[in-house]
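# Summary of the model geometry
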Amino acid sequence: MLELKDVNTFYGSIQALKSVSMSVQKGEIITLIGANGAGKSTTLMTISGIVRPASGVVAFEGQDLGALEPDQIVATGICQVPEGRRIFPYLTVQENLDLGAYLRRDNAEIHKDLDYVFTLFPILSQRRHQAGGTLSGGEQQMLAISRALMARPRLLLLDEPSLGLAPLIVQQIFEILTQINRENGTTIFLVEQNAYMALRIAHRGYVMENGVIVLADAASALLENDEVKSAYLGV
Amino acid sequence: MNYFLNLVIGGLTRGSIYALLALGYTMVYGIIELINFAHGEIYMIGAFTALIVALALSFLGLDGISILVIASLIAMVYSAAYGFTMEKIAYKPVRNSLRLSALISAIGMSLFLQNYVRLAQTSNFVPFPTLIPEMQFLQTLPVRINSAQVVILTTTAIVMVALTFLIKFTRIGKSMRAASQDKTMAMLLGVNVNRVISVTFVIGSATAALGGVLISSFTGQINFYIGFMAGIKAFVAAVLGGIGSIPGAVLGSFVLGLTESLGAGYISSDYEDVFAFAILIIILILKPSGLLGRPENKKV
Ligand SMILES: Nc1ncnc2c1ncn2[C@@H]1O[C@H](COP(=O)(O)OP(=O)(O)OP(=O)(O)O)[C@@H](O)[C@H]1O
Ligand SMILES: [Mg+2]
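Residues numbered from 1 in each chain as written. Chains lettered and ligands numbered in written order. Predicted model: local features only at pLDDT ≥ 70, side-chain atom pairs only at ≥ 80, totals over all residues. Heavy atoms only, no water.

Per the secondary structure count, chain B includes eleven helices and two strands. When the helices and strands of chain B are read in sequence order from the N terminus, they spell out α-α-α-α-β-α-α-α-α-β-α-α-α. The C-alpha radius of gyration computed for chain B amounts to 19 Å, which stays within 12% of the reference 19 Å derived for 300 residues, consistent with globular compactness. Residues counted as buried form 52% of the 300 residues belonging to chain B. Look at the contacts in chain B between residues 6 or more apart in sequence, and 78% of them connect residues 24 or more apart. Total accessible area on chain B stands at roughly 13400 Å², and carbon and sulfur atoms take up 70% of it. (Helix = DSSP H or I, 4+ residues; strand = E, 2+ residues; numbered from the N terminus. Rg over C-alpha atoms; globule rule 2.2 N^0.38 Å. Buried < 20%, exposed > 50% of the residue type's maximum accessible area, 1.4 Å probe, protein only. Contact = heavy atoms within 4.5 Å. Areas by Shrake-Rupley, 256 points an atom, 1.4 Å probe, with all protein chains shown as cover.)

Quick look at the coordination of the magnesium ion (ligand 2) now. Residue and element names in this part refer to chain A. Protein-derived coordination of the magnesium ion (ligand 2) comes from Ser 41 (OG) and Glu 83 (OE), at a distance range of 1.9 to 2.2 Å. Of this pair, Ser 41 sits in helix H1 (residues 40-47) while Glu 83 sits in the loop between strand S6 (78-81) and helix H3 (93-100), and the two are 42 residues apart along the sequence. Since its relative accessible area comes to 36%, Glu 83 is described here as partly exposed. (Donors = N, O, S within 2.8 Å, 3.2 Å for Na, K, Ca; no water.)

Our focus in this paragraph is helix H6 (residues 171-181) of chain B. For H6 of chain B, the buried fraction is high: nine of the eleven residues fall into the buried class. For H6 of chain B, the complete set of buried residues consists of Gly 173, Lys 174, Ser 175, Met 176, Arg 177, Ala 178, Ala 179, Ser 180 and Gln 181 of chain B. The inward-facing, buried residues of H6 of chain B contact H3 of chain A together with helix H1 (2-32), helix H5 (147-169), helix H7 (183-188) and helix H8 (193-219) of chain B.

What follows concerns the domain arrangement of chain A. Residue and element names in this part refer to chain A. Each assigned domain of chain A is listed here: domain 1 (2-77 + 153-232) and domain 2 (87-152). Here the C-alpha centroids of domain 1 and domain 2 sit 23 Å apart. With 19 residues of domain 1 at the interface, the matching set in domain 2 holds 13 residues. Taking both partners together, domain 1 and domain 2 bury about 1200 Å²; carbon and sulfur atoms supply 77% of that area. Among the residues of domain 1 in contact with domain 2, Pro 153, Ile 173 and Ile 176 are the three that bury the most area, contributing 36% of the side total. Run the count over domain 1 and domain 2 and you get zero salt bridges. Seen at the junction of domain 1 and domain 2, the total is two residue pairs in polar contact (both at pLDDT 80 or more). At the level of secondary structure, the elements contributing two or more residues to the side of domain 1 that touches domain 2 comprise helix H2 (70-76), strand S7 (155-159) and helix H7 (167-184). Here the side of domain 1 that touches domain 2 takes nine residues from H7, the largest share from any one element. Here the side of domain 1 that touches domain 2 is composed, by residue class, of twelve nonpolar, three polar and four charged. (Domains from an automatic or database assignment. Buried area = accessible area lost by both parts, 1.4 Å probe. Salt bridge = Lys/Arg side-chain N within 4 Å of Asp/Glu carboxyl O. Polar contact = N/O pair within 3.5 Å; in protein donor to acceptor, adjacent residues only side chain to side chain. Nonpolar A, V, L, I, M, F, W, Y, C, P; charged D, E, K, R; others polar.)

Before going further, it helps to spend a moment on the pairing of strand S4 (residues 55-60) of chain A. Residue and element names in this part refer to chain A. Bridging between strand S1 (residues 2-11) and S4 involves five bridges; their strand directions are antiparallel. Residue pairing across strands places Leu 4 opposite Val 58, the latter belonging to S4. Looking at chain direction, S4 and strand S5 (residues 63-64) are connected through two bridges and run antiparallel. The residue bridging Phe 60 from the neighbouring strand is Gln 63, located in S5. As consecutive antiparallel partners, S4 and S5 are separated by two residues, and within that stretch Glu 61 has a phi angle of approximately 50 degrees, a positive value. (Pairing = 2+ DSSP bridges.)

If you want it as structure tokens, here you go:
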């Protein structure tokens, strides 16, 4: 479904991604784990077209994304929940969700999806008319995921959804991600530093170090891998 | 009492014109954090366009109000085209450079447009036709208000309501607010931010042109330089109200217009501009982000 081939991305003279190749199959949950500064966010921003690779190909369902603007990439069915959630602080919860559905015109279906995210996260429906900036960290993460779901993406990119959240909330959010994947067949590309949680829900995983993919395997295998264990699982 | 009311009406009229101009400053700043120094020139170009159209139409023997409406609409479209083009050639190329580059580009644009109109038209004041007919019933009112003031006040009120509706409830309005809060996030949701910026320039330029046409038919004369002082005053109004905030720009404009009018009426008309800057300084000392502005660090 998504294919990265020999992608090299630079920030000025700093090379953030070095010949990165990955693939994501339809219906999977894949995770990309790595330490701070490994290049995980850069990978997602390259897919979304916010940063442009110097060379290499990013293709989604056979279509080269290199020629598309970020908004056109969203139109192909890719939506990202970026690092730090990036809720619009002065828009209400409802308006934040409306923006998720920005490119859609199918009002009846948008309504269904709104009901759906409110069943996933009932707290959001209570907070509907409150400014996004006044939500707690956990609520903001729920809103960020819901906002992306309002785009009804076929590929959902998530950048460290567990960041700064209490273990119980992280648990809840990860359960919902598996639920979304199972119920709607949404393909999920999950970037995480919380390697244990991510590998438990993912089918496959990639490990990145300094912009290079160093390991790629089934998630269960990575959980047993000695290098992964010592470097990312703290055991 | 009557004297006071007359000054208030005068102040509100001024405030309306400032508001039509200040909207453009504040909307553009809200989205790309640029002080568009050439914004006053768009207002001036609006006035000149309307003048040319009005002269042409008066040969056709149309009545004043029809001429005013047609000339205003054409001026708005023409100025909007100027605003759109200006953004594309002068601001978009430097959007990711230092802020100083954009500022210099804006000042350059302002000088260019002033001198372009000066050479293409004239450097003298030219008379602007009085297009708004006298309304007899106004003379029966206890306060002194003329038909031009009535037209200015009502037009501004309509524009404000329409714009509030646009920003609050429409799709483009929501995308404008989103882009002003976090452009990258807006892009990640499919908003074409370049288009949002263009729309912002188009709306701001059209309202500025409307202000230019209305004030010119009130004062009765224009030249290539009218945009300069009006632009500065409207900018002061936008800062006063909290730059980036649309209700702030409107409030700031009326505060400024009333201050000038009352100050001139009760103290001395020689110090009109001094009052404008004095109120700016006072408010910025009391509330650095302006009347309705958001604190700096809240911007994400
Ligand atoms: N806008 C930028 N300009 C310059 N360098 C950048 C920029 N963004 C990221 N980098 C650099 O690129 C490298 C990869 O950064 P990236 O944000 O992709 O890492 P990450 O894996 O997401 O890290 P974290 O887990 O801390 O979020 C880092 O060395 C970082 O300093
Ligand atoms: Mg990151």
